[in-house]
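# Commentary on secondary and tertiary structure
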Amino acid sequence: MKYEVGTVILSAGAGTRMNLSLPKPLAPFLGKCLVDYPLSQSIKMMDKVAESKSFTGLVTGHGKDLVEDYINENYKNHKISYAFQAEQLGTAHALKCYFDQIEDARNCEYTLVMCADTPLIESEALEHLYNEIKSNNLDGVAATFEVSNPKGYGRILRSGSKGFHIVEEKDANEEERKVQEVNSGMYVLKTSFILEHLYSIGSENKSGEFYLTDLFKDDFNVAPILFENGSSFIGVNNLEQLEKSEIIMRKRIISSLREKGVRFVDSRHTYVNTANIGERTFIHPNVSIDYLSVIGKNVTIEPGSVIINSTIEDGVTVKAYSHLEEVTLRSNSVVGPYARLRPGADIGEESKIGNFVEIKKSKLERGVKVSHLSYVGDAEIGEETNIGCGFITCNYDGANKHKTIIGKKSFIGSDSQTVAPVSIGNECFVASGSTVTHDMEDGSFAISRTKQVTKDGMAKRFLKSK
Ligand code: UD1
Ligand code: CA
């Protein structure tokens, strides 16, 4: 055989119960898509048991182009083939499309069948299924689990002898519906066994669909493999199951972080989707961190902060209610409370960004301070420069953005503006209330405000009483 294992992920369904504008495999899940999870876990499992002798195929239907584009874009290093199921006539029909349209599908000793809508599946479970079929020399195994409310799942009916069969909810009688062992939709089968039986499956059931589950019969050499941890097999068919599954997945991430030494004040109210957080980092409640962010050691993230696709180095403090998107905070910098850091903000080591400061597309070197109420956009600021309160880089002329460059160890007085393009040298001093429109040489001083006029006793002309 050319391949040891081939995986097919059934992903043609519309997911109408989800009520999303996207095809179900692309339903957002912790920042990625639903299909990413079964796909990446099957790749992990196959790399382990079959190394290069493995193969992946997807059956697409609804939103075919969107799904295929997404996968081609995100799995460039993997060869993934597609079969198209124009009409969703059932899971067995989907499998037929796979074998009819992808030549290599038949060149696999074993076939792992998965559904795109089971994001919590782990590669270890898939490996276990594969080991069971091989070590017991079976023709097929189905992963099963027990639930208190089996509604919607196919019920597992074990026969006294060797095999078993599956009855779908719609076709089950009252007795059968009580069975709490259910079908996960995950199977490993000998490819030769599938090809022998798949084409004789009919659609004589309540749904009029071709059921893949009909591959299992009481007198066949097949077995249900019961898994203890059923939550790994939850199928996502509606928004409630989507939310529940995301919560379970997030709990897994948080547990693995805690084991590594990340501390949470109350993880029930913490939305952490990345496993890239260093030890002794301390995360307060109501913090959201997306899956693309990378956070170092000894970082403190205070309540209400939102961190998107950002890199935070060791020893940083993000004070309460800060919003960070596509930014880099270098080691030991402090930002917030209430800081808004927008794409391209690169905050140097030991810098300090205070409250109500907005920074966009700007590089701040080590030890820069922008402590209060400022806007810094399209700027470069040198080491240890201090920016006073209420400073603004006027970077936009109505048509184009321009750059502001400020050297090191300069002092920009409060309530000043720079009208870009403009540059200020090293060790300059800008008096407060100034508008800087001309470049400043190193060591220069600038002031651009009108002189103060004071008239004794004249205030009463302006003070009004009620
Ligand atoms: C299926 C199983 C059920 C099991 C449950 C586990 C069958 C008949 N039933 O039911 O026993 O308990 O999964 O979650 O297999 N799909 C296609 N083409 C089709 C139909 C479905 O590609 O024509 C895909 C869907 O996109 C989905 C997967 O197959 O990823 C499962 O289909 P779904 O309609 O969700 O099946 P369930 O009713 O959940
Ligand atoms: Ca399903």
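I will try to describe carefully the structure that is included in this document. (Residues numbered from 1 in each chain as written. Chains lettered and ligands numbered in written order. Predicted model: local features only at pLDDT ≥ 70, side-chain atom pairs only at ≥ 80, totals over all residues. Heavy atoms only, no water.)

The next thing to look at is the overall build of the protein chain. On a plain count of helices and strands, the protein chain comes out with seven helices and 40 strands. For 466 residues, the compact-globule estimate of 2.2 N^0.38 gives 23 Å, and the C-alpha radius of gyration of the protein chain, at 31 Å, exceeds that figure by more than 25%. With respect to the principal axes defined by its C-alpha atoms, the protein chain has extents near 105 × 55 × 40 Å. When the 466 residues of the protein chain are sorted by exposure, 51% land in the buried category. Surface exposure of the protein chain reaches about 22500 Å², of which carbon and sulfur atoms provide 48%. Across the protein chain, the centroid of the 54 positively charged side chains sits 8 Å from that of the 62 negatively charged ones. (Helix = DSSP H or I, 4+ residues; strand = E, 2+ residues; numbered from the N terminus. Rg over C-alpha atoms; globule rule 2.2 N^0.38 Å. Buried < 20%, exposed > 50% of the residue type's maximum accessible area, 1.4 Å probe, protein only. Areas by Shrake-Rupley, 256 points an atom, 1.4 Å probe, with all protein chains shown as cover. Lys, Arg positive; Asp, Glu negative; His and termini not counted. Charge placed at Lys NZ, Arg CZ, Asp CG, Glu CD.)

The sheet built from eleven strands is open, its strands ordered β12-β14-β17-β20-β23-β26-β29-β32-β35-β38-β40 with parallel pairing. A strand with exactly one partner marks an edge of an open sheet, and here the two such strands are β12 (263–264) and β40 (445–446). (Pairing = 2+ DSSP bridges.)

Ile71, Ile289, Ile312, Leu329, Leu341, Ile353 and Ile359 are the most contacted members of the largest nonpolar core, which totals 94 residues. If you tally residues by element for this core, the top one is helix α1 (residues 36–50), at six residues. When near neighbours in sequence (up to four residues on either side) are disregarded, Leu329 contacts Thr311, Ile312, Glu313, Val316, Val318, Leu324, Val335, Leu341 and Ile347. Counting 32 residues, the second-largest nonpolar core is a separate cluster that includes Ala12, Phe55, Ala94 and Leu215. (Core = buried A, V, L, I, M, F, W, Y, C linked by side-chain atoms within 4.5 Å. Contact = heavy atoms within 4.5 Å.)

Take the side chain of Thr111 next. Tracing the sequence through the fold places Thr111 in strand β6 (residues 108–115). What makes Thr111 buried here is its relative accessible area of 0%. At a separation of 2.8 Å, a polar atom in the side chain of Thr111 contacts the side chain of Thr191. Not counting residues up to four positions away in its chain, the partners in contact with Thr111 are Gly6, Val8, Tyr98, Phe99, Tyr187, Val188, Leu189, Thr191 and Ile194. (Polar contact = N/O pair within 3.5 Å; in protein donor to acceptor, adjacent residues only side chain to side chain.)

Right, let's talk about the sheet that holds strand β34 (residues 404–406) for a bit. Within the open sheet, the eight strands sit side by side as β16-β19-β22-β25-β28-β31-β34-β37. Their pairing is parallel. The sheet terminates laterally at β16 (294–295) and β37 (422–424), the two strands that pair on one side only. Note: strand β28 (residues 362–364) against strand β31 (residues 379–381), two bridges, orientation parallel. What sits directly across from Lys363, in β31, is Glu380.

The next subject is the site of ligand 1. In the vicinity of ligand 1, 21 residues are found, and the nearest of them are Leu10, Gly13, Gln85, Glu168 and Asn183. Contact distances for ligand 1 include 2.8 Å between an oxygen atom and a side-chain N or O atom of Thr91. Between Asn183 and ligand 1, the recorded distance is 2.6 Å, taken from a backbone N or O atom to an oxygen atom. Considered on its own, ligand 1 offers 760 Å² of accessible surface; in the complex 88% of this is hidden by protein. Among the elements of the structure, β1 (3–11), α3 (91–101) and β10 (181–190) are those that each provide at least two residues to the shell around ligand 1. By residue class, the composition of the shell around ligand 1 is eight nonpolar, eleven polar and two charged. (Near = heavy atom within 4 Å. Nonpolar A, V, L, I, M, F, W, Y, C, P; charged D, E, K, R; others polar.)

As a further point, take the coordination of the calcium ion (ligand 2). Around the calcium ion (ligand 2), the protein contributes the donor atoms Asp117 (OD) and Asn237 (OD1), which lie 2.5 to 2.6 Å from the metal centre. Highlighted residues: Asp117 in the loop between β6 and α4 (123–135) and Asn237 in the loop between β11 (222–226) and α7 (239–260), separated in sequence by 120 residues. Considered together, Asp117 and Asn237 belong to a single accessibility category, that of buried residues. (Donors = N, O, S within 2.8 Å, 3.2 Å for Na, K, Ca; no water.)

Below, the discussion takes up a negative patch on the surface. There is a patch of like negative charges on the surface, built from Glu427, Asp439, Glu441 and Asp442. Tracing the sequence through the fold places Asp442 in the loop between β39 (435–436) and β40. (Patch = residues over 30% accessible without salt bridge, like charges linked within 9 Å, V, L, I, M, F, W, Y side chains within 5 Å. Salt bridge = Lys/Arg side-chain N within 4 Å of Asp/Glu carboxyl O.)

This brings us to the layout of surface pockets. Space inside the second largest pocket adds up to approximately 290 Å³. Together, 13 residues line the second largest pocket, and Tyr37, Ser40, Gln41, Lys44 and Met249 are the ones closest to its centre. A breakdown of the residues in the lining of the second largest pocket according to their chemical character gives five nonpolar, two polar and six charged. (1 Å grid on protein atoms, 1.4 Å probe; cavity = no way out; pocket = protein on both sides within 12 Å on 5 of 7 lines; lining within 4 Å. Points joined across faces, edges and corners; volume = space filled by probe spheres on them.)

Describing an aromatic ring pair means giving the distance of the ring centres and the angle of the ring planes. Throughout the structure, instances matching the rule amount to 14 aromatic pairs. With a centroid separation of 5.4 Å and an interplanar angle of 85 degrees, the aromatic rings of Phe145 and Tyr153 are classed as edge-to-face. The same class applies to Phe145 and to Tyr153, which are both buried. Residues Tyr187 and Phe216 carry aromatic rings whose centres are separated by 5.4 Å and whose planes lie at 40 degrees to one another, so their mutual orientation is tilted. (Phe/Tyr/Trp six-rings, centres within 6.5 Å; stacked < 30°, edge-to-face > 60°.)

Our focus in this paragraph is α4. Look at α4: 18 Å from first C-alpha to last across 13 residues, which is about the 18 Å you get at 1.5 Å a residue. Of the positions making up α4, those classed as buried are Ser123, Ala125, Leu126, Glu127, Leu129, Tyr130 and Ile133. Looking one or two residues past α4, Asn137 carries a phi angle of roughly 45 degrees, positive in sign. (Expected span 1.5 Å × (residues − 1).)

The final tally for this structure, using the stated rule, is zero disulfides. Cys115 takes part in no disulfide bond, and the closest cysteine sulfur to it belongs to Cys97, at a distance of 15 Å. Looking at Cys115, the relative accessible area reads 17%, which means it is buried. Left unpaired, Cys389 is separated from the closest cysteine sulfur, that of Cys394, by 15 Å. On the basis of relative accessibility, which here comes to 27%, the residue Cys389 falls in the partly exposed class. (Disulfide = S-S within 2.5 Å.)

A few words on the pairing of β6. Across the eight residues of β6, seven count as buried, placing the element largely inside the fold. Bridge analysis of β6 against β10 gives four bridges, and the strand direction is antiparallel. By the bridge assignment, Leu112 is partnered in β10 with Val188.

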